[in-house]
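A look at the structure
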Amino acid sequence: MRTVHEVSRLTGVSVRTLHHYDAIGLLKPAHVTQAGYRLYDDAALRRLQSILLFRELQFPLKQIKAILDSPGFDRKEALRQQLEMLQLQRKRLDALIGLARETIETGGETMDFSAFDRTGLERCAAEAKEKWGATDAYKESAEKAARRAAAGRGEEALADGMMQQFAAMGELRGMPPDSDAAQEAVRKLQAFITEHCYNCTPQILAGLGQMYTDDERFRANIDAAGGEGTAAFAGKAIGIYCKNVLA
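These remarks concern the structure in this document. (Residues numbered from 1 in each chain as written. Predicted model: local features only at pLDDT ≥ 70, side-chain atom pairs only at ≥ 80, totals over all residues. Heavy atoms only, no water.)

**Points about helix α3 (residues 42-56)**
Worth spelling out the cut-off: In DSSP terms, a helix is any run of H or I states spanning at least four residues, a strand is any run of E spanning at least two, and both are numbered starting from the N terminus. Take the number of residues in a helix, subtract one, and multiply by 1.5 Å to get its expected span. Two N or O atoms form a polar contact when they lie within 3.5 Å of each other; inside protein one atom must be a possible hydrogen donor and the other a possible acceptor, and for residues adjacent in sequence the pair counts only when both atoms belong to side chains.
Its 15 residues give α3 an end-to-end C-alpha distance of 21 Å, which sits within 8% of 21 Å, the value for a rise of 1.5 Å per residue. Its side-chain oxygen at 3.3 Å from the backbone nitrogen of Ala-43, Asp-41 defines the N-terminal cap of α3. One or two residues past the end of α3 sits Gln-58, with phi positive at roughly 70°.

**Side note on the side chain of Gln-183**
We count it as follows: The classification of residues rests on relative accessible area computed with a 1.4 Å probe and restricted to protein chains. Under 20% of the type maximum is buried, over 50% is exposed, and intermediate values are partly exposed. Two residues qualify as a contact provided that any one of their heavy atoms is within 4.5 Å of a heavy atom in the partner residue.
Its place among the elements puts Gln-183 in helix α9 (residues 180-196). The buried category is assigned to Gln-183, whose relative accessible area is 13%. There is a polar contact of 2.8 Å between the side chain of Gln-183 and the backbone oxygen of Pro-177. If we skip the residues at most four places from it in the chain, Gln-183 touches Pro-177, Asp-178, Ala-237, Ile-240, Tyr-241 and Asn-244.

**A look at the nonpolar core**
Heads up, the rule is: Only buried residues count toward a nonpolar core. Its members are Ala, Val, Leu, Ile, Met, Phe, Trp, Tyr and Cys residues joined through side-chain atoms within 4.5 Å.
Within the largest apolar cluster, 26 residues are counted, with the highest numbers of intra-cluster contacts made by Phe-166, Leu-189, Ile-193 and Tyr-212. Secondary structure elements with two or more residues in this core: α8 (155-170), α9, α10 (202-214) and α12 (230-246). By residue number, the principal contributor to this core is α12, which donates seven residues. Not counting chain neighbours up to four residues away, the residues in contact with Tyr-212 comprise Met-162, Phe-166, Leu-189, Ile-193, Phe-218, Arg-219, Ile-222, Ala-231 and Ile-238. Core analysis: the next-biggest nonpolar cluster, separate from the first, contains 22 residues, Leu-27, Leu-48, Leu-57 and Phe-59 among them.

**Notes on the pattern of salt bridges**
The cut-off we apply is this: The working definition used for a salt bridge is a side-chain nitrogen of Lys or Arg within 4 Å of a carboxyl oxygen of Asp or Glu.
Going through the model one piece at a time under the given rule, you end up with six salt bridges. One salt bridge in this structure joins Arg-2 and Asp-42, with 3.7 Å as the shortest N-O distance. Residue Arg-2 is located in strand β1 (residues 2-3), and its partner Asp-42 is located in helix α3; the two are separated by 40 residues in the primary sequence. On the accessibility criterion, Arg-2 (31% relative accessible area) is partly exposed. Residue Arg-38 is joined to Asp-22 by a salt bridge in which the shortest nitrogen-to-oxygen separation is 2.7 Å.

**Examining the environment of Ser-179**
Within the secondary structure, Ser-179 is located in the loop between α8 and α9. When the C-alpha positions of Ser-179 and Ala-237 are compared, they lie 8.6 Å apart, and in sequence the two are 58 residues distant. Of note is the side chain of Ser-179, whose polar atom sits 2.9 Å from the backbone oxygen of Pro-176.

**Digging into the environment of Asp-41**
The residue Asp-41 is located in the loop between β3 (38-40) and α3 in this model. With 175 residues separating them in the primary sequence, Asp-41 and Glu-216 have C-alpha atoms 8.6 Å apart. When sequence neighbours within four positions are dropped, the list of residues in contact with Asp-41 reads Met-1, Ala-30, Glu-216 and Arg-217. Only 3.3 Å separates the side chain of Asp-41 from the backbone nitrogen of Ala-43, close enough to count as a polar contact. Here Ala-44 takes part through its backbone nitrogen, which lies 2.9 Å from a polar atom of the side chain of Asp-41.

**Let's talk about the packing of α10 against α12**
Heads up, the rule is: Think of each axis as a best-fit line through the C-alpha atoms, taken over the contacting stretch in the case of a helix, with angles from 0 to 180 degrees between the N-to-C directions. Small angles under 35 degrees read as roughly parallel and large ones over 145 as roughly antiparallel, with 65 to 115 read as roughly perpendicular and the rest as oblique. Crossing handedness follows the turn of the near helix against the far one: under a right angle anticlockwise gives a left-handed crossing, and clockwise gives a right-handed one. Residues are grouped as follows: nonpolar covers Ala, Val, Leu, Ile, Met, Phe, Trp, Tyr, Cys and Pro; charged covers Asp, Glu, Lys and Arg; every other residue, Gly included, is treated as polar.
Where α10 meets α12, the closest approach of the two axes is 8 Å, and the angle between their N-to-C directions is 160°. Taken together, the axes of α10 and α12 are roughly antiparallel relative to one another. As α10 packs across α12, the resulting crossing turns out to be left-handed. Here Pro-202, Gln-203, Leu-205, Ala-206, Gly-209, Tyr-212 and Thr-213 of α10 lie close against α12, whose contacting residues are Ala-231, Ala-232, Gly-235, Ile-238, Tyr-241, Cys-242, Val-245 and Leu-246. Classifying every residue of the contact of α10 with α12 by side-chain character gives 11 nonpolar, four polar and no charged.

**Concerning the sheet that holds strand β2 (residues 31-32)**
Selection rule: Strand pairing requires that DSSP identify at least two bridges connecting the strands.
Spatially, the three strands line up as an open sheet ordered β1-β3-β2, and their pairing is antiparallel. Two strands close off the open sheet at either side, each with one partner strand: β1 and β2. Where β1 meets β3, two bridges bridge the pair, whose relative direction is antiparallel. By the bridge assignment, Thr-3 is partnered in β3 with Leu-39.

Here's what the structure looks like:
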């Protein structure tokens, strides 16, 4: 765990900016001590890295949050898209440098505007926004969140409901993940997410199952709800369920 000041020194992001990211829900600390000190784990640092890469590519904070919170977000795929955009950005900068050098050498006679073309960058950015930040699932999730807020049912109630699902799974973790009981628990989880968040398709559910085991914070929370090993059990059961549904 690292304090906010340690994260600031490590990343070059100011403490004030980190506090702002926390306030808007873009980057929450993994833990807040009783004294109010923010602590960040490796998962939070990985999310911060994604945020900073998108910021380098001039994505607004609101759009970055939508992308990172998108149910189907895949960090590796996003990194590949970011790499493509960064390479296009470097190519564009090289062209601009070349144009400036040539203009100096010719005494200002060069009249070439192709280096200013941002078409490639804008295309890649639009693809990333469409893929991660403007999915039907994300829109549906945002709409249902707004309805919950209007009805006075906050996100804590939703989180409690999810943890109850994982607590039920935890009671089954001694069984094979392909057992009828385990598969029924996965079906109930899928139904819960669909009812309260967004249409949880088998593809989205498969991604969630992977995230439950790969992301340290999800794994810790799920294991806290259902007992040690619940996240791994849920991931395996979800994988089997989705494979059977999609077969």
